[in-house]
Every structure is written in structure tokens, then in C-alpha cells.
Amino acid sequence: MGGGRMGAGIAHAFLLAGSRVVVVERDTEGADAAALRIDESLRRSADRDPGLDAGECAARLRLTTDVEGCRGAALVVEAVPEDRVLKEDALARLEQVLPDEAVLASNTSSISIDDLALARRRPERFLGLHFFNPVPSSALVEIVRGAATDPAVVDTAREWVALLGKTPIVVADSPGFASSRLGVALGLEAIRMLEERVASATDIDAAMTLGYRHPVGPLRTTDLVGLDVRLGIAQELARELGERFEPPALLRRMVAEGRLGRKSGAGFYDWTAPDSPKETR
């Protein structure tokens, strides 16, 4: 449920694994946009792998605006924006149509799985499946085990992740889980350093890629994730863990200005030429 950048990436991953996939969007415009994202992603995969039939993958995909499209699914992943109210509404709607044996997962990167499980009809069949952006090239999926999650459901989730060609890690429900808590802490400090003119965005990122062998620097990663997404996660973690996760003023200002990173064309870098993003000034 949700065909934005993350939802489309999740759909892409399951299509490559041979699954039949239904993507539910809120309106026809959203469904059309999701279809375009997935089609472009499949074509890029086919360009890299001549043995992949993008048309055959696309034939197993259905786009709809009706939650009834999920009836009969073995797994449903909620991938709406990182907003507690939106996620609660989406999960409640999904539960109305899912069979008892279905697994329901949230792609949340910061909201407590146990909190979301409180209103679930079958909390033992509910867990977190935290995918990473961009999903097609990411090797990791974080499985978040709630207090009520059936261990057999966790085992099944491990198998699904492995079938996607990705590596699962299992974490207990805790604010920010493992990945968001560590990643956001580094990203927020990098933004504060930029705000305080300690160094340029390029040099801050180079300190981590060259000095610590990170594949991508924290500011460029923030652009890829989306500044609005990172802001939402930081706000959630600040509520749960305290002021060390309070978002810097620079992050708030850039989001207010619509500078959201790659998806808007500009963030800490100018993404109008995606192959060679330049630092913005």
C-alpha cells in the first residue's frame, strides 16, 4: 500500500523475485505515477540484466485505488509516508480485507511497531519490514519484531527477504530500531557541522567515504532518503529519545523551502544532473 519511491521499489523487488504484486494507491493519479516508477525501474534492471524480461515482470503487476485489491494476499507491506496517523489509517483499512493467515508489515523507519500493534486485530501476524532507499540496489531489510509478533512470522519474513536477494537483520522494537537510530544520528550531526560552517557538504561527505570507507556520505545519503523523511524520523526520535535527535534549524528550513533532496531536484546537492550531482550553495 503506497506507490511512492519506496513502495515502488518494494514492488520492483518482489516482481524480480517472481511474485504477483498489487500496488494500492489513493487515487488514479497516484496509481499512474506508481506504474511509471515501477516500469522505469524494471527497464533499468533489464538493461543491466539481458536475461530479465521486464514485460513478463510487468504482467504480474496490478495497480488499483481499491484496498480490496489486497484481499487474498500472503503479505501486505504498508509503505505510506512516515506519519503515524496515515499509517494507522492504512493498516486499519488493510485489516478489513486481509485473510487471517496473511502477514501485515509496516515499512516504518522510526514509529514503534508495538504502538502500531495496539490497534491490530492480529498483532501476532504484524511486524516491521524496513526497506532502504533505493530498494533495488539496497542489500538490507530490517525485520522489526514486536512484542506480540509470532516467531514463526519472523522466520517467514527472513525467508521472504532472502528470496529477494537481500540480507535480513532482526531487531527488537526500539526507537529508530538499529539502522535509523545510527543513520539519523550521523546525518543530523553532519547537518549541524554544515550549519556551523565546519566544512562544506562535499568535504563532510568525503571525511566519511574516504576516512571511514562509508560508500556514501551522510549529507548525500540524506538527499537520497529525502530531507522531509529524515526530518520526520528525527522528530519521532526526539520525542522518544530526547534532544540529541532534535532536528537542526537548517534541516527544518530546507524542508520548508521544498529542498527535499534528489526527489525535488535539490537538497545539499543539485540533482538536476543525477549522474554528477554538485554541491548547492
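Residues numbered from 1 in each chain as written. Predicted model: local features only at pLDDT ≥ 70, side-chain atom pairs only at ≥ 80, totals over all residues. Heavy atoms only, no water.

Student: It is not clear to me how empty space enclosed by the protein should be interpreted in this structure. Could you clarify?
Tutor: Left-over empty space is what a probe sized like a water molecule reveals as it rolls over the atoms. Per the stated rule, a full pass over the model turns up one cavity of 30 Å³ or more. The computed volume of the largest cavity comes to approximately 60 Å³. Glu95, Leu98, Ala102, Leu104, Arg120, Arg122, Arg125 and Phe126 are the residues that line the largest cavity. Grouping the constituent residues of the lining of the largest cavity by class yields four nonpolar, no polar and four charged. (1 Å grid on protein atoms, 1.4 Å probe; cavity = no way out; pocket = protein on both sides within 12 Å on 5 of 7 lines; lining within 4 Å. Points joined across faces, edges and corners; volume = space filled by probe spheres on them. Nonpolar A, V, L, I, M, F, W, Y, C, P; charged D, E, K, R; others polar.)

Student: Hey, could you run me through the pattern of salt bridges in this one?
Tutor: For side chains bearing opposite charge, pairing can occur when the charged atoms are close. This structure, assessed with the given rule, holds 15 salt bridges. For Glu78, the salt bridge identified is with Lys87, shortest N-O distance 2.5 Å. Relative accessible area serves as the criterion here: at 0%, Glu78 is assigned to the buried category. Here Lys87 falls in the buried class, since its relative accessible area comes to 1%. Taking the shortest distance from any N to any O, the salt bridge between Glu189 and Arg192 comes out at 3.1 Å. Taken together, the residues Glu189 and Arg192, both in helix 7 (residues 179-195) and three residues apart, mark about one turn of the helix. (Salt bridge = Lys/Arg side-chain N within 4 Å of Asp/Glu carboxyl O. Buried < 20%, exposed > 50% of the residue type's maximum accessible area, 1.4 Å probe, protein only. Helix = DSSP H or I, 4+ residues; strand = E, 2+ residues; numbered from the N terminus.)

Student: Please clarify how the pairing of strand 4 (residues 103-106) should be interpreted in this entry.
Tutor: Where a strand is regular, its side chains alternate between the two sheet faces. Side chains Val103 and Ala105 project from strand 4 onto one buried face, and the interleaved Leu104 and Ser106 project onto a second face that is buried too. Of the strand pairs in this sheet, strand 3 (residues 75-78) and strand 4 are connected by four bridges, and their pairing is parallel. By the bridge assignment, Val76 is partnered in strand 4 with Leu104. Regarding topology, helix 4 (residues 84-95) serves as the crossover connection from strand 3 to the parallel strand 4, and that connection is right-handed. Pairing between strand 4 and strand 5 (residues 126-131): three bridges, direction parallel. Residue pairing in the sheet places Ser106 in a bridge with Gly128 of strand 5. (Pairing = 2+ DSSP bridges. Right-handed = clockwise from strand over helix to strand, strands pointing away.)

Student: Help me understand the packing of helix 7 against helix 11 (residues 249-256), please; the structure alone is not making it clear to me.
Tutor: Helix-helix packing: each pair is described by the crossing angle between the helix axes and the interaxial distance. Packing of helix 7 against helix 11 leaves a shortest axis separation of 8 Å and a crossing angle of 90 degrees. Taken together, helix 7 and helix 11 sit at an angle that is classed as roughly perpendicular. Here Leu188, Ile191, Leu194 and Glu195 of helix 7 come into contact with helix 11, specifically with Ala249, Leu250 and Leu251. Across the contact of helix 7 with helix 11, the residue classes tally to six nonpolar, no polar and one charged. (Axes fitted to C-alpha atoms, helices over the stretch in contact; angles between N-to-C directions. Parallel < 35°, antiparallel > 145°, perpendicular 65-115°, else oblique. Contact = heavy atoms within 4.5 Å.)

Student: Is there a simple way to explain the sheet that holds strand 4 in this structure?
Tutor: As a general point, the strands of a sheet are linked pairwise by backbone hydrogen bonds and lie either parallel or antiparallel. Read from one edge to the other, the open sheet built from five strands follows the order 3-4-5-6-7, with strand pairing classed as mixed. Among the strands making up the open sheet, the edge pair consists of strand 3 and strand 7 (167-172). Shown here is a sheet whose adjacent strand axes are inclined to one another by a mean of 30 degrees, direction ignored. Along the sheet, helix 6 (residues 151-163) contacts strand 3, strand 4, strand 5, strand 6 (140-145) and strand 7; its crossing angle with strand 6, the most-contacted strand, is approximately 175 degrees.

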